[in-house]
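Per-entry structural report
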Amino acid sequence: MAVVTIADGGFRIDGQPTYPGRSWRGHRIEGRLFNSRMANAIADDENPATRGTWAYADGDWDAERSTREFIAALPAYRAHGLLAVCLNLSGGSPQGYSWNQPWQICGFTSSGTIKPAWAARLDKVIKTCDRLGMVVVLGLFYGKQSGTFTDEAAVKAAVTNTVDWLVEQNATNVLIEIGNEVDLEKVWAHPIIAAGRCHELIALAQERSAGRLLVSTSLIGIDAPPDAIVAAADFLLPHGNRVYGPDGHFQPSPHGIRLQLARWRGSPAYRGQPIVYNEDDHFEFDKPDNHLIAAVEGGASWGYFDYRMSRERFEDGFQSLPVDWTISSRRKRAFFGFLKEITGS
């Protein structure tokens, strides 16, 4: 199994820097970890009232089919320079953004045990990524699904059970993301996952793996994250979703990304960890400046977050169930085409 490590502020796979020797427009690409959010790649919905919503045009919703088609698309992602896919054992909203989330998409039982079917799908993804020289960024918790767990002990059990399973599988091409956007307000059923205490779970995962797994958590804040998280995390995971332009809620703001990076690096606890955006839904890849360019210029990696927006087709989006995992839409082609240019793939 390939081993992902960090050295000299960048990522390495089996001791070799990612994108070895590569630069783009004078900016170092070596050591970066470009990625895409595929939160529901191993997901299933156990709520019979919502499960039918995700039906395919040619058949019922099928979690095994979804993962199988995702795996089949991985070589094309890799050929365009993508080195990491971001999954979550508690899934993500199939509607992209939605406050009300009645579906039951969580790979853990209420006591924190990984469900066997989820583990089997995850194992297939990890092994395929390994063969392709790719990394899996594995999230454990998602706010709207955190009520699955009965108590704090179950949350801790989910962390230790996941780490133990990864170590047993020798899954050394996996990075752990404890929670998705742990600084989001009013979504976490258990305070230990939220930003004020998440560093405790980061430390638990690090200690449980005896240093064999690299661990972090993602945050959406544009200001510097809590010092305790920066001090504990092996790498940093900002999100660019709330970095808005001055003229509209979702208008991209590349300058905002540059400012966000400066604030994160300005934390007194920052010690040179690589910074990896692993969720950003601001695109404009055809423009002379955009969030991806700003991240590259700022020495960070960038992650593509694509969901099916209003009135879009099945081909659009990588998070909205059911998923067309191929590079099929104009937006997907724009991202992967630009990524191929940047990485020289």
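This text gives an overview of the structure that appears in the document.

Attention now goes to the overall build of the protein. Across its full length, the protein carries nine helices and 13 strands. What you see for the protein is a C-alpha radius of gyration of 18 Å, in line with the 20 Å of a compact globule of 345 residues. If you line up the protein on its principal axes, its C-alpha atoms span 50 × 45 × 40 Å. Put simply, the protein has 345 residues, and 58% of those count as buried. At a minimum sequence separation of 6, the contacts of the protein that also span at least 24 residues come to 71%. Total accessible area on the protein is roughly 13,100 Å²; 51% of this is exposed by carbon and sulfur atoms. Across the protein, 35 positive and 40 negative side-chain charges occur, with their mean positions spaced 3 Å apart.

Whether parallel or antiparallel, the strands of a sheet pair through hydrogen bonds between backbone atoms. The sheet built from six strands is open, its strands ordered β10-β9-β8-β7-β6-β13 with parallel pairing. Either end of the sheet is taken by a strand with one partner, and the two such strands are β10 (214-216) and β13 (303-304). Alignment of strand β6 (residues 35-37) against β13, held across two bridges, turns out to be parallel. Residue pairing across strands places N35 opposite G303, the latter belonging to β13. Contacts between helix α4 (residues 152-168) and the sheet are confined to β8 (135-142) and β9 (174-180), with β8 contributing the most and set at about 160° to the helix.

Bringing the environment of D151 into the picture now. Assignment of secondary structure puts D151 in the loop between β8 and α4. Given the relative accessible area of 37%, D151 is considered partly exposed. Each C-alpha atom of the pair D151 and S111 lies 8.1 Å from the other, and the pair is 40 residues apart in sequence. Within the structure, the side chain of D151 is placed 3.3 Å from the backbone nitrogen of A153, a separation counted as a polar contact.

Here the focus is the sheet that holds strand β2 (residues 10-13). What the three strands build is an open sheet, ordered β1-β2-β3; its pairing is antiparallel. Unpaired on one side and paired on the other, β1 (4-7) and β3 (16-17) mark the two borders of the sheet. Note: β2 against β3, two bridges, orientation antiparallel. Note on β3: the bridge partner recorded for I13 is Q16.

Turning our eyes to something else, we now look at the packing of aromatic side chains. Scanning all chains against the criterion turns up 27 aromatic pairs. Between F108 and F141, the ring centres sit 6.2 Å apart and the planes meet at 35°, which makes this aromatic pair tilted. Taken together, the positions of F108 in the loop between β7 (84-88) and α3 (116-132) and F141 in strand β8 put the pair 33 residues apart, joining distant regions of the chain. Residue class for F108 comes out buried when judged on its relative accessible area of 1%. Owing to a relative accessible area of 0%, F141 belongs among the buried residues under this scheme. On the numbers, 6.0 Å between centres and 50° between planes, the contact of W302 with F335 is tilted. Here W302, found in the loop between α8 (291-297) and β13, pairs with F335, found in helix α9 (residues 330-343); they are 33 residues apart in sequence, far enough to count as distant.

Right, let's talk about the state of the cysteines for a bit. Inspection of the entire model under this criterion finds zero disulfides. With no disulfide partner, C129 has as its closest neighbouring cysteine sulfur the one in C86, 10 Å distant. Its relative accessible area of 0% is what places C129 among the buried residues. Free of any disulfide, C198 has its nearest cysteine sulfur in C106, 16 Å distant. The class of C198 is buried, set by a relative accessible area of 0%.

All right, on to the pattern of salt bridges then. Taken as a whole and judged by the stated rule, the model has 22 salt bridges. A salt bridge links R37 to E279; the nearest nitrogen and oxygen atoms lie 3.4 Å apart. One end of the pair, R37, is in strand β6; the other, E279, is in the loop between α7 (254-265) and α8, and 242 residues separate them in sequence. Side by side, R37 and E279 carry an identical accessibility label, which is buried. Residues D306 and R331 are paired through a salt bridge, measuring 2.7 Å at the closest nitrogen-oxygen approach. Of the two residues, D306 sits in the loop between β13 and α9 while R331 sits in helix α9, which places them 25 residues apart along the sequence. Given a relative accessible area of 0%, D306 falls into the buried group. Accessibility expressed as a relative area gives 14% for R331, which makes it buried. A single salt-bridge network, built from bridges that share partners, covers E152, K156, R197 and E200.

About the thresholds
Residues numbered from 1 in each chain as written. Predicted model: local features only at pLDDT ≥ 70, side-chain atom pairs only at ≥ 80, totals over all residues. Heavy atoms only, no water. Helix = DSSP H or I, 4+ residues; strand = E, 2+ residues; numbered from the N terminus. Rg over C-alpha atoms; globule rule 2.2 N^0.38 Å. Buried < 20%, exposed > 50% of the residue type's maximum accessible area, 1.4 Å probe, protein only. Contact = heavy atoms within 4.5 Å. Areas by Shrake-Rupley, 256 points an atom, 1.4 Å probe, with all protein chains shown as cover. Lys, Arg positive; Asp, Glu negative; His and termini not counted. Charge placed at Lys NZ, Arg CZ, Asp CG, Glu CD. Pairing = 2+ DSSP bridges. Axes fitted to C-alpha atoms, helices over the stretch in contact; angles between N-to-C directions. Polar contact = N/O pair within 3.5 Å; in protein donor to acceptor, adjacent residues only side chain to side chain. Phe/Tyr/Trp six-rings, centres within 6.5 Å; stacked < 30°, edge-to-face > 60°. Disulfide = S-S within 2.5 Å. Salt bridge = Lys/Arg side-chain N within 4 Å of Asp/Glu carboxyl O.

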